[in-house]
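Structure at a glance
These are the residues of each chain, in order.
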Amino acid sequence: MTNTPDVGQLAQSKAQLQLDSITVIGLFSGPQGDSALLRMGDGEIQKVAAGDTAGVLTVLAIDDAVVTLRDHRGQTFQLTLPGTT
């Protein structure tokens, strides 16, 4: 899994994050698997892994630049780490 741009670079970039929605701000690989840092719409930062919940969302998968989530209605969507598209 890549960390480009890393969290520090993203935090200092001039790119504007949507502050009222969920945004991926970091992706990590570790001995216990892949995880992601999500900035929630209320500003809270949550570290999540597949199977975790973030608010009413369930994390289905995390890969190189994408976090796949399912909402309470069963709809799935993907969030991409800014700067990787």
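Everything below is about the structure printed above this text.
In this report, we go over the structure that sits alongside the text.

Another point: the sheet that holds strand 4 (residues 53–54). Sheets are built from strands that pair by backbone hydrogen bonding, the pairs being arranged parallel or antiparallel. In spatial order, the strands read 4-5-6-7; together these four strands make up an open sheet with antiparallel pairing. If you trace the sheet from one side to the other, it starts and ends with strand 4 and strand 7 (76–80), each paired once. Across two bridges, the pairing between strand 4 and strand 5 (residues 57–62) is antiparallel. Each bridged residue has a counterpart across the sheet, and for Thr53 the counterpart in strand 5 is Thr58.

This part is about the sheet that holds strand 3 (residues 45–48). Within the open sheet, the three strands sit side by side as 1-2-3. Their pairing is antiparallel. Of all strands in the sheet, those bounded by a partner on one side alone are strand 1 (23–30) and strand 3. Here the strands of the sheet are splayed against their neighbours by 20° on average, with no regard to which way each runs. Relative to strand 3, strand 2 (residues 33–39) runs antiparallel, the two sharing four bridges. Of the residues in strand 3, the one forming a bridge with Arg39 is Ile45.

Before going further, it helps to spend a moment on the nonpolar core. Of all hydrophobic cores here, the largest spans 14 residues; its most connected members are Val24, Leu27 and Val67. Those elements giving two or more residues to this core turn out to be strand 1, strand 2, strand 5 and strand 6 (66–70). Looking at this core element by element, the count peaks at three residues for strand 5.

This part is about the pattern of salt bridges. Proximity of charged atoms lets side chains of opposite charge pair with each other. Inspection of every chain in the model, using the stated rule, returns one salt bridge. As a salt-bridge pair, Arg73 and Asp71 come within 3.0 Å of each other at their nearest N and O atoms. Its relative accessible area of 60% is what places Arg73 among the exposed residues.

Here the focus is the environment of Pro82. Residue placement: Pro82 occurs in the segment after strand 7. Take Pro82: its relative accessible area is 21%, and that puts it in the partly exposed class. Put simply, Pro82 and Ala65 are 17 residues apart on the chain and 8.6 Å apart in space, counted from C-alpha to C-alpha.

Basis of the calculations
Residues numbered from 1 in each chain as written. Predicted model: local features only at pLDDT ≥ 70, side-chain atom pairs only at ≥ 80, totals over all residues. Heavy atoms only, no water. Pairing = 2+ DSSP bridges. Helix = DSSP H or I, 4+ residues; strand = E, 2+ residues; numbered from the N terminus. Axes fitted to C-alpha atoms, helices over the stretch in contact; angles between N-to-C directions. Core = buried A, V, L, I, M, F, W, Y, C linked by side-chain atoms within 4.5 Å. Buried < 20%, exposed > 50% of the residue type's maximum accessible area, 1.4 Å probe, protein only. Salt bridge = Lys/Arg side-chain N within 4 Å of Asp/Glu carboxyl O.

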